[in-house]
Structures are given as structure tokens and as C-alpha cells.
Amino acid sequence: MAPPSLLNRVYNRLTERSRLGSVLKSIVGRLGSILDFTLSYSAYASVLNVLSPVYSIGALTFLFFTINAVTGVMLAMSYTATSETAYNSIQTISTALRYGWLIRGIHFYTANGMIIAAILHLINGYFKGSYKKPQELNWIVGMAAGAVTILAGFTGYVLRWDQEAVGAAGIGQGLAASIPQFGAVITKIFWGRTYTETLGRFYTGHVLLLPGLLVALLAVHYFIIRRHGIEILLSEINMAPIVLGLLFVFVSLFPLKIGDRFDPMKPPTILEPEWYFMGMYQFLKTQSVEPLYGVILATGLWLFIAIIPFLDRSPERRALRRPVFTAIGIFIIIEFLALTIYAYLSPGQIGTFLDSNFTAAFVLTNVAAISFVAVVLAANRRIVRASRG
Amino acid sequence: MSKSWLALAFVLIVLEAFFVYEAILADMVGLERIFGVFVGLAFLCFAALLYAVSVVVYT
């Protein structure tokens, strides 16, 4: 019999004096069973077609959130939240720290990816009737999580503290201040009196309050889904390497740029918010629209979608068999898309019916929206006739 | 192998050559960008392998 190798002898010495061997075996065994379960689930799910992007969009949202949390912790180690130093710390992260640009880029793109995935998740749920009994509470929790996600995106945008970020904070402040009775109190609490106070509050919200709230809401969201017997958590494990791979490649090919340093003496002539606020921004820069109307529109729309399980109470889930709510959904999407596109096409211009482009865009959008609604109603009529016949 | 796959491979190689050339001419961040792209491709290969293993072994 050959004498034991050096590696064997070291291993034996270690395992003789401790429980390391059994712990190692246990870890390897557990990892093996997790991998086995994941792979078998992956094959099982691909047969059932539950790994399609539409089915996994909620899990994708959570995956983006997880990546955001990890990269956010890394960025927070080097970010300083005062109005004098914030911009410099972003510059240091992007140019002097090893792979700082990569972490910042991944954080930025996953934040946007999370908002896109959340919006698609909402649209998918709306048209599939996922809010219907017994998922009413889960729908409201999901809507709350969506609102927190948007707020996290907004607060994160301001943390860059460049010209556009400070401008966006100012627009937000103007909207909040327009709320009757409470406007002054809200701006005092969330914006403070100085730039450093604003940045401090936004930083606290972005790294502590909003992520904490989001974790709690997502935990409830998952808990209710699991209680209803829906298994989706593992689809995320299969998506993770694909999403990470695409992120690394994308951020490396298109690294983030740094905006212009904020200069209070030279405010930017044209302010543009992030893409998800562009529709609202276009609405606000239409002639004779007051900031308060924007607050009312955003809150009203959110409330309408949040309470939709109590408005659409029929058990029917198929979109074309509940034409009113399908038509409303299509109408909202078309108007939102049109406002967003028009905002990009007319930077800094006030929307007025004296402008022929604005009038043409307004008419075309509404004709398109009404045409889609008519198509839905006609399709529903046909289905109803066919089922009677 | 069909011609369309060869055309796609050619386009990708040209793009990659441009990217590597530009990145090397840049600075330290340029070299880090090359690393970033290859880490990303490694993740994608891992994903493809994971999927292939799941299909071959479990179905």
C-alpha cells in the first residue's frame, strides 16, 4: 500500500483534531443538493415554460434589487453625503478607485432595470388579472413596493449632486410644496433648509429607509405568493448568471459618464429628469398646468391602480372578456408613452396648442388610444357573440 | 456552418477588435473595461453551461 500523500496527511491531521472534515463534507453535500435541486427545477420549469421572461419578471425585479443592494453597500463605503464633497466622491469612485466605475455602472443600470422590470411586472399583472381574488392584498403590497422603488430611484438620482441632480431635487421640492396645507411641512421634513440637509435626508432615505421598507414589503409579497402555492423563487437562480453577464458586458462597453459639477451661479437652462419621470415632466410643462395637477395626477393614477381589485370584482381574468379595464389600461399606457416620447422630442419647450407640433402629437396620440380602445371593445363583442352563438 | 453564422462571427470579431484597441489606448480604466467584458462573457458561458447541463441531465 502506497504511503499517504502530503495533502492526505495534512487533511488527516486537520480532521483528527477538529470536526472540520465532517463540516466540509456537510457543506459539499448541501451545495450538491442545492445545485441538484436548482438544475432539476430549471429543467422542470423549462418544460412547463415557466422560465419565460414574462413569468419570471417579478423574480427579475428582485434579482435587480439584490444586485443593487450589494453594489449600493460598496458605493456607500466611498460616498460622502455633503453638498461640498458629494460630487468629488462620485468622481473618485468613477476614476480613481479600482473598478469603482464598474460598480457604479452596475448600480445605475440595475436600478433602471429594476424600475423597467417592476413596470412590466405591473402591466403583466394588470392584463392577466393577477390582482383578482385571493391576491388583492398582494396587489396593494406590490403597488406600495413599486412606489418605494420609484422613490429610491429619485433619491439615488439626486445623490450624484451634479447640475441635473440638483435641478431634479428642486423640481421635486416644487411639486411637494404645491400640496395645500402640508406642502411647507413636507418640504421642511424631506428637503431641509440647506443643500447639505437635503443631501443628508436623501442619502438616509436612499440607503436606509427606502431599502428597509422595500425589504419588508417584498417579504410580505413573497410570503403571500408562497401561501397561495406559487413557486417562483428559484427561477431567479437560473437568471442570475445571465443578468450578471449582460450587466458586466454592457457597463464595460458603455461606462457611465459623470455630469457637470453643480454651480449655483450657473443653473442649467434645460432640466430633464430620469426617463420614468419624463411623461409626468411633459405633463407639467404643458401650458396652464400647475404643479399641484401633477401631484394629483400621479397620486390619483397610483390610487386607481392600487384599488383596482375592488373596482374590477368579476372573477374573469382574460383581458378581452373584461374590456373596460383592459381599455383603461391600454389608454393609460399609450398616453404615458406619448408624453414620454414628446418630452424627449421637445426639450425645454412648453407644450401649448399654439404649437402645431404639440397639437398634432396630442390629436394623434388620442386618436391612437381611442382606436386601440375601439379594437378591444370590438374584440370583446365578437367573443361574447361567439360564446352565445 | 451556415454563412449567416460566419457573418455574425465576423461582425463580433470586428467589434471586439475595435473595443480592445480603443480600451488599450485609453488608461487603467480601459484595461479594467476589457476585464469587465470578459467577466461578463464568463458569466454568460456559465449560464449556458448551467442550462445545457439541466437539459441534458434532467430531461
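What comes next concerns the included structure. Every chain begins its residue count from 1, and numbering advances along the sequence as written. All chains are assigned letters beginning at A, and all ligands numbers beginning at 1, according to the order in which they are written. In view of the model being predicted, local features appear only for residues whose pLDDT reaches at least 70, and side-chain atom pairs are presented and counted only at 80 or more, with totals across whole chains, interfaces and linings using the full set of residues.

What follows is about the overall build of chain B. Put simply, DSSP H or I for four residues or longer makes a helix, DSSP E for two residues or longer makes a strand, and each gets a number counted from the N terminus. Of the regular secondary structure elements, chain B holds two helices and zero strands. A buried classification covers 12% of the 59 residues belonging to chain B. Using C-beta atoms placed from the backbone, we call a residue buried if 20 or more other C-beta atoms fall within 10 Å of its own, exposed if 12 or fewer do, and partly exposed for counts in between.

Quick look at the overall build of chain A now. Looking only at helices and strands, chain A has 15 helices and zero strands in total. Expressed along its principal axes, the backbone C-alpha trace of chain A runs to roughly 95 × 75 × 40 Å. Within chain A, buried positions represent 28% of all 389 residues. Here the contacts in chain A between residues at least 6 apart in sequence split such that 80% fall between residues at least 24 apart. Contact definition: two residues whose C-beta atoms, as placed from backbone geometry, lie within 7 Å.

Before going further, it helps to examine the interface of chain B and chain A. Listed by partner, the interface residues are 21 residues for chain B and 21 residues for chain A. Residue contributions to the side of chain B that touches chain A peak at 19 residues, all from helix α2 (residues 28-58) of chain B. When residue character is reported, Ala, Val, Leu, Ile, Met, Phe, Trp, Tyr, Cys and Pro are called nonpolar, Asp, Glu, Lys and Arg charged, and the others, Gly included, polar. The residue inventory of the side of chain B that touches chain A, partitioned by class, reads 15 nonpolar, four polar and two charged.

We now examine the nonpolar core. Residue and element names in this part refer to chain A. Nonpolar cores are built from buried Ala, Val, Leu, Ile, Met, Phe, Trp, Tyr and Cys residues. These are joined into a set through C-beta atoms within 7 Å. Judged by nonpolar contacts, the single largest core of 50 residues is most densely connected at Phe64, Ile106, Met114, Val158, Trp161 and Ala165. It is helix α5 (residues 100-128) that contributes the most residues to this core, 12 residues altogether. What Ile106 contacts, discounting residues up to four positions off in sequence, is Ile67, Thr71, Leu247 and Val251. Grouped together as the second largest cluster of nonpolar side chains are five residues, Tyr131, Trp139, Ile305 and Ile308 included.

With that settled, the discussion passes to the packing of helix α6 (residues 136-159) of chain A against helix α7 (residues 163-177) of chain A. Residue and element names in this part refer to chain A. At a minimum axis distance of 7 Å, the contact between α6 and α7 shows a crossing angle of 135°. Relative to α7, α6 is oriented oblique. Crossing hand, α6 versus α7: left-handed. Residues Phe154, Tyr157 and Val158 of α6 touch α7, and the partners they reach there are Ala165, Ala168, Ala169 and Gly172. In the contact of α6 with α7, the residues fall into six nonpolar, one polar and no charged. Each axis is a line fitted through C-alpha atoms, taken for helices only over the stretch in contact, and angles between the N-to-C directions span 0 to 180 degrees. Our angle categories are set so that under 35 degrees counts as roughly parallel, over 145 as roughly antiparallel, 65 to 115 as roughly perpendicular, and the remainder as oblique. Two helices cross in a left-handed way if the nearer one is turned anticlockwise from the farther one by less than a right angle. They cross in a right-handed way if the turn is clockwise.

With that settled, the discussion passes to the environment of Ile179(A). Residue and element names in this part refer to chain A. Within the fold, Ile179 resides in the loop between α7 and α8 (183-191). Judged by local crowding, Ile179 falls into the partly exposed class, with 17 C-beta atoms found within 10 Å. Taking C-alpha positions, Ile179 is 20 Å from Val148, a pair spaced 31 residues apart along the chain. Ignoring any residue separated from it by four or fewer positions in sequence, one finds Ile179 in contact with Ile186, Leu292 and Val295.

Residues and elements named next belong to chain A. In a helix, the anticipated span is given by 1.5 Å times the number of residues less one. Spanning 23 residues, helix α14 (residues 323-345) covers 33 Å between terminal C-alpha atoms, matching the ideal 33 Å at 1.5 Å per step. Within α14, the full set of buried residues consists of Thr326, Ala327, Tyr342 and Ala343. Looking at the buried residues of α14, the elements they touch are α5, α11 (278-284) and α15 (356-388).

Here the focus is the environment of Gly294(A). All names here are of chain A. Within the fold, Gly294 resides in helix α12 (residues 291-306). Taking the number of C-beta atoms within 10 Å as the measure of exposure, Gly294 has 21 and is therefore buried. Expressed as a C-alpha distance, the spacing of Gly294 and Ser178, which sit 116 residues apart in the sequence, is 9.5 Å. Dropping the residues within four chain positions of it, Gly294 is found in contact with Leu175, Met280, Phe283 and Leu284.

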